[in-house]
Amino acid sequence: MFTGLVEEIGILDGIARQGEAMVLTIKASAIMDDIRIGDSIAVNGVCLTATKIGGGAFSVDVTPQTYRHSNLGLLKPGSRINLERAMKAGGRFGGHLVQGHADMTGTVRRLSKEQNAVLIEIVPDKQDLSKFIIPQGSVTVDGVSLTIADTDGESFTVSVIPHTLQETGLSGLKPGSVVNIECDIIGKYVHALLGPAASGKGAERSGITLDMLASNGFA
């Protein structure tokens, strides 16, 4: 579990590819003091496992599933990468609950200046997930916890302060950039509970209904 507060910008030092599988080697400094093999690290908002550590760098495996549902396959040696170690129990919780499971990617449509902020408009590649993108709600963009400033159902806009731009890789975004998007986990769970969902075998189960709530004293 993460918070969406980037600790450091790492530099991609090497890529080993085999089809859609990859091993990324990332140079870092601030997060290297206490990571161990097997630790979870959010890499541009994607939860990956450190498999090798040494020489001021760590390596992670990227599976074909992750390759297909994130922007990691677009990275090149020298790319700047947002990094966050898994949150500690009892630590400050400054962002929002982030799993490191990218729901989709999105494409930056435009950037504009609004006094001390930069507005970034993003078009998600899965419009069926737009129901989880609500004004003033939380969203993770390349591992950065942000608040949704506006949405029109097709795209959404986040307002980014100068500090966040300076301390994350968002400063390098431009129209056409592809970013990882993770919707708010609370919204996803609420939607799953309130609406019908299918079991693994395809049978329908009922979600929480008004009648069910009323029968349990929640009328």
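Structural notes, computed from the coordinates. Each chain carries its own residue numbering, running from 1 in the written order of its sequence. Only residues with pLDDT of at least 70 are given local features in this predicted model, and only at 80 or more are side-chain atom pairs given and counted; all residues enter the totals for whole chains, interfaces and linings. Just so you know, side-chain values use all the structure's heavy atoms and leave hydrogens and water out.

## Considerations on the pairing of strand β6 (residues 80-85)
Any two strands with at least two DSSP bridges between them are considered paired. Runs of H or I in DSSP of at least four residues are treated as helices and runs of E of at least two as strands, each being numbered from the N terminus. Pairing geometry for strand β1 (residues 8-18) and β6, over 4 bridges, is antiparallel. Opposite Gly10, over in β6, you have Ile81 as the bridge partner. Both strand β3 (residues 40-43) and β6 contribute to a ladder of 3 bridges, which runs antiparallel. Following the sheet pairing, Ala42 is matched in β6 by Glu84.

## Examining the pairing of strand β9 (residues 138-141)
As defined by bridge partners, β9 adjoins strand β10 (residues 144-151) across 4 bridges and the pair is classed as antiparallel. Opposite Val141, over in β10, you have Val144 as the bridge partner. Two successive antiparallel strands, β9 and β10, enclose a turn made up of 2 residues, where Asp142 displays a positive phi of approximately 50°. Relative to strand β12 (residues 178-183), β9 is paired through 3 bridges, and the arrangement is antiparallel. Counted as the bridge partner of Thr140 is Glu182 from β12.

## A short note on the pattern of salt bridges
Think of it this way: side chains of opposite charge can pair up when their charged atoms draw near. Any carboxyl oxygen of Asp or Glu that lies within 4 Å of a side-chain nitrogen of Lys or Arg is treated as forming a salt bridge with it. Overall, the coordinates contain 8 salt bridges when judged by the stated rule. As a salt-bridge pair, Arg109 and Glu154 come within 3.0 Å of each other at their nearest N and O atoms. Linking Arg109 in strand β7 (residues 104-114) with Glu154 in the loop between β10 and β11 (156-160), this pair joins segments that are 45 residues apart in sequence. On the basis of relative accessibility, which here comes to 31%, the residue Arg109 falls in the partly exposed class. Remark: exposure states derive from per-residue accessible area (1.4 Å probe, protein chains only) relative to the maximum for the residue type, with buried under 20%, exposed over 50%, and partly exposed in between. On the accessibility criterion, Glu154 (42% relative accessible area) is partly exposed.

## Some points on the sheet that holds strand β5 (residues 57-62)
The strand order around the closed barrel built from 6 strands is β1-β2-β5-β4-β3-β6, with neighbouring strands paired in antiparallel fashion. Strand-to-strand twist across the sheet, computed as the mean angle between neighbouring axes with direction ignored, equals 45°. With 6 bridges joining them, strand β2 (residues 21-27) and β5 adopt antiparallel strand pairing. Bridging across to β5, Ile26 finds its partner in Phe58. Angles run from 0 to 180 degrees between N-to-C directions of axes, and those axes are lines fitted to C-alpha atoms, restricted for helices to the stretch in contact.

## Considering the nonpolar core
Most often, soluble globular proteins keep nonpolar side chains buried together rather than apart. Buried Ala, Val, Leu, Ile, Met, Phe, Trp, Tyr and Cys residues form a nonpolar core when they are joined through side-chain atoms within 4.5 Å. The biggest cluster of nonpolar side chains holds 23 residues, and the ones touching the most others in it are Ile120, Ile122, Val139, Val141, Leu146, Phe156 and Leu170. Residue assignment for this core shows that the elements contributing at least two residues are β7, β8 (117-124), β9, β10, β11 and β12. In this view, Val141 contacts Ile122, Leu146, Phe156, Leu170, Val179 and Asn180; residues no more than four positions away in its chain are not counted. Counting 20 residues, the second largest nonpolar core, distinct from the first, contains Met22, Val46, Leu48 and Leu72. Note on contacts: a residue pair is in contact if any heavy atoms of the two residues lie within 4.5 Å.

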